[in-house]
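Residues per chain are reported as follows:
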Amino acid sequence: RRIKGEVVLKDVTFGYVPGKTVLKRINVTAKPGQKIAFVGSTGAGKTTITNLINRFYEIEEGEIYIDGINIRRIKKDSLRSNIAMVLQDTHLFSGTVRENIRYGRLDATDEEVVAAAKIACAHSFIERLPEGYDTVLEGDGANLSQGERQLLNIARAAISKAPILILDEATSSVDTRTEKYIERGMDRLMKNRTTFVIAHRLSTVRNADLIIVLEHGEIIEQGTHEELLDLGGRYYQLYTG
Ligand code: CTP
Ligand code: MG
């Protein structure tokens, strides 16, 4: 069975406002199932790349292809069902915990919801909520902590069958103990999916198939962890702090 999820960015140039280029001629090829990491300082353009893959914005120059199809020609809801994401700003809606985890997978059983919550280390806090999985979340999950909201987003990604996964500081609000605990779950999440991962903590990107270093919207270095350390450039500087 051929797994899906090839993502190609070809000469992508983009700015949010006219006259201010945020990404310059970005070329990236992610083969199905690969883990690609973006690193670089604040404002380098990491989140912007994933915004474009998600087609939250239209590209000015260049093209993005998913499994050979230009994303301009992919319907929005089809794109949504092909990309799962856990972002720094969580997205929850007013509804029950169960509904929030299930999200696009309306066919998912209660057992699958619990299994996904366990992968995300969310099961134990959910069980402590007044109505468990039937607890109604206020808009954007205001009655949960930031970390708990991220765990629910991870559970949602776990239940999704999307071949592409975007993790943008996915565990940034989770305490270090839970983060350590969740590592195996994150590995399961990434298994057989093309994953784009953004993390300030470089320990979470070192096992990526390809690490791309961005600076001021340009790719300045790319390679594996070992290759980039040998290079002794920007990644080496970031890594050795
Ligand atoms: N930007 C913008 N309008 C937005 C979002 C971002 O003009 N709606 C600009 C930012 O000011 C920044 C550049 O785009 O100069 C890149 O932003 P971003 O891709 O979000 O940077 P990251 O590399 O993701 O930075 P961080 O590590 O802080 O998340
Ligand atoms: Mg960012």
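In short, a report on the structure. Everything numeric in this text was worked out from a predicted model, so none of it was measured. (Residues numbered from 1 in each chain as written. Chains lettered and ligands numbered in written order. Predicted model: local features only at pLDDT ≥ 70, side-chain atom pairs only at ≥ 80, totals over all residues. Heavy atoms only, no water.)

1. Here we look at a nonpolar patch on the surface
- Side chains of Tyr16, Val17, Phe56 and Tyr57 sit close together on the surface and give an oily, nonpolar patch of about 380 Å² of accessible area.
- Here Tyr16 is to be found in the loop between β1 (7–14) and β2 (23–30).
- Classification of Tyr16 by relative accessible area gives partly exposed; the value is 37%. (Patch = residues over 30% accessible without salt bridge, like charges linked within 9 Å, V, L, I, M, F, W, Y side chains within 5 Å. Areas by Shrake-Rupley, 256 points an atom, 1.4 Å probe, with all protein chains shown as cover. Salt bridge = Lys/Arg side-chain N within 4 Å of Asp/Glu carboxyl O. Helix = DSSP H or I, 4+ residues; strand = E, 2+ residues; numbered from the N terminus. Buried < 20%, exposed > 50% of the residue type's maximum accessible area, 1.4 Å probe, protein only.)

2. Points about the site of ligand 1
- Close to ligand 1 lie 13 residues; Gly43, Gly45, Lys46, Thr47 and Thr48 are nearest.
- Contacts to ligand 1 include Gly43, whose backbone N or O atom sits 2.8 Å from an oxygen atom.
- At a separation of 2.9 Å, an oxygen atom of ligand 1 approaches a polar backbone atom of Gly45.
- The protein chains hide 65% of the 610 Å² of surface that ligand 1 would expose on its own.
- The residue makeup of the shell around ligand 1, split by class, is 4 nonpolar, 7 polar and 2 charged. (Near = heavy atom within 4 Å. Polar contact = N/O pair within 3.5 Å; in protein donor to acceptor, adjacent residues only side chain to side chain. Nonpolar A, V, L, I, M, F, W, Y, C, P; charged D, E, K, R; others polar.)

3. Some thoughts on the sheet that holds strand β6 (residues 83–86)
- Taking strand neighbours across the sheet as the criterion, the 6 strands line up as β6-β9-β10-β3-β11-β12 in an open arrangement whose pairing is mixed. Edge positions in the sheet fall to β6 and β12 (218–223), since each of these pairs with one other strand and no more. This sheet shows a mean twist of 20° between the axes of neighbouring strands, independent of strand direction.
- Where β6 meets strand β9 (residues 164–168), 4 bridges bridge the pair, whose relative direction is parallel. (Pairing = 2+ DSSP bridges. Axes fitted to C-alpha atoms, helices over the stretch in contact; angles between N-to-C directions.)

4. Let's talk about the nonpolar core
- Counting 46 residues, the largest nonpolar core has Ile101, Ile126, Leu152 and Leu167 as its most contacted members.
- Leu52, Ile64, Phe196 and Leu210 belong to the second largest nonpolar core, which has 30 residues in total. (Core = buried A, V, L, I, M, F, W, Y, C linked by side-chain atoms within 4.5 Å.)

5. Remarks on helix α4 (residues 110–119)
- When we look at burial in α4, the residues that qualify are Val113, Ala116, Ala117 and Ile119. Summarising the axial view, the buried residues of α4 lie within an arc of 155°, below the 170-degree limit, and thus occupy one face. The exposed residues of α4 that point more than 90 degrees off its buried face are Glu111 and Lys118.
- Next to the buried residues of α4 lie α3 (97–102), α5 (123–127), α6 (146–159) and α7 (176–190).
- Looking one or two residues beyond α4, the residue adopting positive phi is Cys121, at roughly 55°. (Arc of directions from axis to C-beta. Contact = heavy atoms within 4.5 Å.)

6. Thoughts on the sheet that holds strand β5 (residues 69–70)
- Taken together, the 4 strands give an open sheet; going across it, the order is β2-β1-β4-β5, and neighbouring strands pair in antiparallel fashion. Only two strands of the sheet have a single partner each, and these edge strands are β2 and β5.
- Note: β1 against strand β4 (residues 61–66), 5 bridges, orientation antiparallel. Paired with Val7 across the strands is Ile66, a residue of β4.
- The strands that helix α1 (residues 46–53) touches are β1, β2 and β4; relative to β1, the one it contacts most, it runs at about 115°.

7. Some words on the packing of α4 against α6
- Put simply, α4 and α6 touch, their axes get as near as 8 Å, and they point 125° apart. In terms of orientation, α4 and α6 fall into the oblique class. The two elements α4 and α6 cross, and the hand of that crossing is right-handed. In this structure, α4 contributes Glu112, Val113, Ala116, Ala117 and Ile119 to the contact, and α6 contributes Ala155, Ala158 and Ile159.
- Taken together, the residues that form the contact of α4 with α6 break down as 7 nonpolar, no polar and 1 charged. (Parallel < 35°, antiparallel > 145°, perpendicular 65-115°, else oblique. Left-handed = near helix turned anticlockwise from the far one by under 90°.)

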